[in-house]
Amino acid sequence: MSHLQSLLLDTLLGTKHVDSAALIKIQEQSLFVASPGFNVMPSDVRTLVNRFAKNPLQARREGLYFKEKDYKCVRADDYSLYAKNENTGVVVVKTHLYLLVATYTESMYPSVCVEATEKLGDYLRKKGN
């Protein structure tokens, strides 16, 4: 297991308020690491990179289609995107090299998912990733 995958598992899934997580390489538009069972399709990778990394305001206006669900964006700026679909959601944080993606389900607290994902994003930015 890579260091970055360990970080995903320990700092995000370890909270019990992140259902799944992944790191996407922005430049290559490819999945780098993901939590077990989190299959992010290439079309979802492209959607996240094109919608969020390149044009967050468009994502804010039009929403996000991810993992075969339509999400309403509740925040989209240069570094963060939060989107929800009923009682589930996705949090995306941009670093220099990656998009950090975390999802939560109905029984989880979105605020804990957001806080953990943002903290890991800050850590990766400070490390130059």
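For clarity, every value in this text was computed on a predicted model and none was experimentally measured.

What the seven strands build is an open sheet, ordered β2-β1-β7-β6-β5-β4-β3; its pairing is antiparallel. The sheet is open, and its two edges are formed by β2 (30–34) and β3 (64–66), each paired on a single side. Averaged over all pairs of adjacent strands, the angle between strand axes in this sheet comes to 30°, irrespective of strand direction. Its contacts with the sheet put helix α1 (residues 3–12) on β1 (20–25), β2 and β7 (98–104), and the angle it makes with β2 is roughly 60°.

This part covers the packing of aromatic side chains. Inspection of every chain in the model, using the stated rule, returns two aromatic pairs. Their ring planes at 65° and their centres at 6.5 Å tell us that F38 and F66 sit as a pair that is edge-to-face. Note that F38 is positioned in the loop between β2 and α2 (42–53) and F66 in strand β3, a separation of 28 residues in sequence. Across this residue pair, the class does not change: F38 and F66 are buried.

What follows deals with the environment of T117. Summarising the element assignment, T117 is placed in helix α4 (residues 110–126). Of the residues examined, T117 reaches a relative accessible area of 0% and is grouped as buried. Setting aside chain neighbours within four positions, we find T117 in contact with L12, V91, V93, L100 and A102. Polar contacts involving the side chain of T117 include one to the main-chain carbonyl oxygen of C113, which spans 2.7 Å.

Turning our eyes to something else, we now look at the confidence of the model for the protein chain. When pLDDT is averaged across the protein chain, the result is 92; 98% of the residues are at 70 or more. The least confident element of the protein chain is helix α3 (residues 56–62), whose mean pLDDT is 84; the most confident is β7, at 97.

Of all the seven residues making up β7, seven are buried; the element is thus mostly covered by neighbouring parts of the structure. Burial along β7 is two-sided: Y98, L100, A102 and Y104 and L99, V101 and T103, pointing in opposite directions, are all buried. For β1 and β7, the ladder comprises six bridges, and the chain directions are antiparallel. By the bridge assignment, A22 is partnered in β7 with V101. The sheet contact formed by strand β6 (residues 88–94) and β7 spans six bridges and is antiparallel. Looking at the pairing, K94 lines up with L99 of β7. Linking two consecutive strands that pair antiparallel, namely β6 and β7, is a turn of three residues.

So, how was this worked out
- Residues numbered from 1 in each chain as written.
- Predicted model: local features only at pLDDT ≥ 70, side-chain atom pairs only at ≥ 80, totals over all residues.
- Heavy atoms only, no water.
- Pairing = 2+ DSSP bridges.
- Helix = DSSP H or I, 4+ residues; strand = E, 2+ residues; numbered from the N terminus.
- Axes fitted to C-alpha atoms, helices over the stretch in contact; angles between N-to-C directions.
- Contact = heavy atoms within 4.5 Å.
- Phe/Tyr/Trp six-rings, centres within 6.5 Å; stacked < 30°, edge-to-face > 60°.
- Buried < 20%, exposed > 50% of the residue type's maximum accessible area, 1.4 Å probe, protein only.
- Polar contact = N/O pair within 3.5 Å; in protein donor to acceptor, adjacent residues only side chain to side chain.
- pLDDT = per-residue confidence, 0-100.

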